[in-house]
Amino acid sequence: MIIERNNLTNPIYIGDTEGDLKASRYAGIPFVYAKYGFGEVSEYDEVINRFEELVKLYGS
């Protein structure tokens, strides 16, 4: 609903828990694991060690 309501064309989900991972899979969008967070995940599409690394991955 959030993706449609806000007309998002290339959404990603950034998180650090299995719950975040499950939510991204449910929504059908890529999951970026924030390794600097408190949780751990079993899989991810991309991983970042610092927030600033998002610019390298998705900045324009």
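Here the structure is a predicted model, which is why all the values come from computation and not from measurement. (Residues numbered from 1 in each chain as written. Predicted model: local features only at pLDDT ≥ 70, side-chain atom pairs only at ≥ 80, totals over all residues. Heavy atoms only, no water.)

### Considering the overall build of the protein
Alright, step 1. When its secondary structure is counted, the protein shows three helices and three strands.
Alright, step 2. On C-alpha atoms alone, the protein measures out to a radius of gyration of 12 Å, which is about the 10 Å that the 2.2 N^0.38 rule sets for 60 residues.
Alright, step 3. Seen through its C-alpha atoms, the protein measures out along the principal axes to roughly 30 × 30 × 15 Å.
Alright, step 4. Here the protein, with 60 residues, has 27% of them falling under the buried criterion.
Alright, step 5. Of the contacts made within the protein by residues no fewer than 6 positions apart, 12% connect residues no fewer than 24 positions apart.
Alright, step 6. About 4700 Å² of surface is accessible on the protein, with carbon and sulfur atoms providing 53% of the total.
Alright, step 7. Positive and negative side-chain charges in the protein, numbering 6 and 10 respectively, have mean positions lying 3 Å apart. (Helix = DSSP H or I, 4+ residues; strand = E, 2+ residues; numbered from the N terminus. Rg over C-alpha atoms; globule rule 2.2 N^0.38 Å. Buried < 20%, exposed > 50% of the residue type's maximum accessible area, 1.4 Å probe, protein only. Contact = heavy atoms within 4.5 Å. Areas by Shrake-Rupley, 256 points an atom, 1.4 Å probe, with all protein chains shown as cover. Lys, Arg positive; Asp, Glu negative; His and termini not counted. Charge placed at Lys NZ, Arg CZ, Asp CG, Glu CD.)

### A look at unusual backbone geometry
It is generally the case that most residues other than glycine have a negative phi and that most peptide bonds are trans.
Alright, step 1. Within the chain, Asn7 stands out as a residue other than glycine whose phi angle is a positive 50°.
Alright, step 2. With respect to the element layout, Asn7 can be found in the loop between α1 (2-5) and β1 (13-15).

### Here we look at the sheet that holds strand β2 (residues 31-34)
Alright, step 1. Spatially, three strands are ordered β1-β2-β3 in an open sheet, and the strand pairing comes out parallel. The two strands at the open ends of the sheet, each matched to only one other strand, are β1 and β3 (46-48). Shown here is a sheet whose adjacent strand axes are inclined to one another by a mean of 25°, direction ignored.
Alright, step 2. Of the strand pairs in this sheet, β2 and β3 are connected by three bridges, and their pairing is parallel. For Val32, the partnering residue across the bridge sits in β3 and is Glu46. (Pairing = 2+ DSSP bridges. Axes fitted to C-alpha atoms, helices over the stretch in contact; angles between N-to-C directions.)

### Digging into a nonpolar patch on the surface
Alright, step 1. A cluster of nonpolar side chains, namely Ile14, Tyr36 and Phe51, defines an oily patch on the protein surface of about 310 Å² accessible area.
Alright, step 2. Topologically, Tyr36 is positioned in the loop between β2 and β3. (Patch = residues over 30% accessible without salt bridge, like charges linked within 9 Å, V, L, I, M, F, W, Y side chains within 5 Å. Salt bridge = Lys/Arg side-chain N within 4 Å of Asp/Glu carboxyl O.)

### Some remarks on the side chain of Glu53
Alright, step 1. Along the chain, the position of Glu53 falls in helix α3 (residues 53-58).
Alright, step 2. In this structure Glu53 is buried but unpaired, with Arg50 as the nearest side chain of opposite charge at 4.6 Å.
Alright, step 3. In this structure Glu53 touches Val47 and Ile48, once residues within four positions along its chain are discounted.

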